[in-house]
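# Examination of the molecular architecture
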Amino acid sequence: MAFTAKDVQALREKTGVGMMDCKKALVETDGDIDKAIDILREKGLASAAKKASRVAAEGVVAAYNDANAGALVEINCETDFVAKGAPFVELAAKVVKTVVAAKPADLEALLATKVVGSEMTVDEEVQEVFLALRENMKVRRFALLEGHTTSYIHAGGSVGVLAAFDVDDATAANDEFVAMSKNVAMQIAAMSPEYLSKADISEEEFAKMKSITIDSALNKPDSLPVPILNSLTEEAISSKKWSDEDAEIFKGLDQKQKKNFPNFISKEAMATLAEIAVSHKAEIVENKIFAGLVQGRLAKQVKEVCLLEQTFVRSDLYEGDVNGYINSVAKALGADIKLREFVRFAKGEGIEKKVDDFAAEIASMVK
């Protein structure tokens, strides 16, 4: 069967594959477009398998909400150029809508689910886009929250947030609630909380936070309470654990200078002071002043990692924590509003990106 340039163009429009590949496929199938499409897909699968090991840390986070649920999806590719292109962005939009419509149990189920408005599965849709763009790409993860949800996408898909509220339908439709929920979602994007509230931190996690805080304080002795610090420096000098030079420098400092004594003594002396502090860990931990210091630092950490305890960043709207902001809107509307849960995806987080050493690459080429 003969074929023309119009047939090549038609095949390209159907598959998005390059002109030369389309022409070769038509030659191989004697001009049969349907068979040519099958061949291109088969070759695409083989090519995708070869490229699967290449790092795909770029991509987008997409969101979609309807009246009953909301979803986030992260789809990765190799380059920012492809991530910003219409085919890839449209793929992400289709997949996230499919999550909300089909409510798949896991990623495997999602890949096997037919895309909304299509006869192809998510996996097949990804393959179709790969055929056109020729980059390793994959649906990495998704989140689905039921009920009244709000989403926020930052910087074209670099960060995505989904928040679910327990609220009645009438309040959820109110403009003030919509604005508040969007502000909370933006807070999550900007401040990256790890927990909803302190109550969500397990005893094990809190114990770990406390242990790290204690060890951090002991390893930075100049931040310790003055009575404890004085005891440590006295031991360093009297036990000759410091060099004679460091000991003399410290003794020669006036009271004002001693407040900044790390600026005057050696790094070795500071390291020795930390070793002394660690050796007295048991008794220092029992010190009431030190216990107060640890509790203060833990309280500060809780305010940083727990969303409802965080200081609300839009101080022009409300001065206080996020929980207070939500409650203030609830009071103004005469409604019960509770932030139930949230999800935050940052594009490529946790994926080890390849760092190209161009100097080494050029050097290897000229050997």
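Here's what I pulled together on the structure shown here. (Residues numbered from 1 in each chain as written. Predicted model: local features only at pLDDT ≥ 70, side-chain atom pairs only at ≥ 80, totals over all residues. Heavy atoms only, no water.)

Moving on, we get to the sheet that holds strand β4 (residues 148–154). One open sheet accounts for three strands, arranged β4-β5-β6; its pairing is antiparallel. Both outer strands of the open sheet, β4 and β6 (338–346), are each paired with one neighbouring strand and no more. In this sheet, adjacent strand axes meet at a mean angle of 15° when their direction is disregarded. Of the pairings in the sheet, the one linking strand β5 (residues 159–166) to β6 comprises eight bridges and is antiparallel in character. Bridge pairing links Phe 165 to Leu 339 in β6. In the packing of helix α9 (residues 175–191) onto the sheet, the strands contacted are β4, β5 and β6, and the crossing angle to β5 comes to about 135°. (Pairing = 2+ DSSP bridges. Helix = DSSP H or I, 4+ residues; strand = E, 2+ residues; numbered from the N terminus. Axes fitted to C-alpha atoms, helices over the stretch in contact; angles between N-to-C directions. Contact = heavy atoms within 4.5 Å.)

This next bit is on helix α16 (residues 288–305). The end-to-end C-alpha distance of α16 is 26 Å, a good match for the 26 Å that 18 residues give at a rise of 1.5 Å each. The complete set of buried residues in α16 reads Phe 290, Leu 293, Val 294, Leu 298, Val 302 and Val 305. Contact partners of the buried residues in α16: α10 (203–218), α11 (226–238) and α15 (281–286). Near the N-terminus of α16, the side chain that reaches the backbone nitrogen of Ile 289, with its oxygen 2.8 Å away, is that of Asn 287. (Expected span 1.5 Å × (residues − 1). Buried < 20%, exposed > 50% of the residue type's maximum accessible area, 1.4 Å probe, protein only. Polar contact = N/O pair within 3.5 Å; in protein donor to acceptor, adjacent residues only side chain to side chain.)

What follows concerns the packing of aromatic side chains. Within the structure shown, the criterion is met by five aromatic pairs. Note on Phe 165 and Phe 177: the rings are 5.3 Å apart at their centroids and 80° apart in plane angle, and the pair reads as edge-to-face. Pair noted here: Phe 165 is in strand β5 and Phe 177 is in helix α9, with a separation of 12 residues, a long-range link. Each of the two residues, Phe 165 as well as Phe 177, counts as buried. Both rings, one in Phe 312 and one in Tyr 325, keep their centres 4.1 Å apart while their planes meet at 15°; by these two values the pair is stacked. A residue pair is termed long-range when its members are at least 10 positions apart, and Phe 312 in the loop between α16 and α17 (322–333) and Tyr 325 in helix α17 qualify at 13 residues. Looking at Phe 312, the relative accessible area reads 2%, which means it is buried. On the accessibility criterion, Tyr 325 (7% relative accessible area) is buried. (Phe/Tyr/Trp six-rings, centres within 6.5 Å; stacked < 30°, edge-to-face > 60°.)

Purely spatial values, then, with no claim about function.
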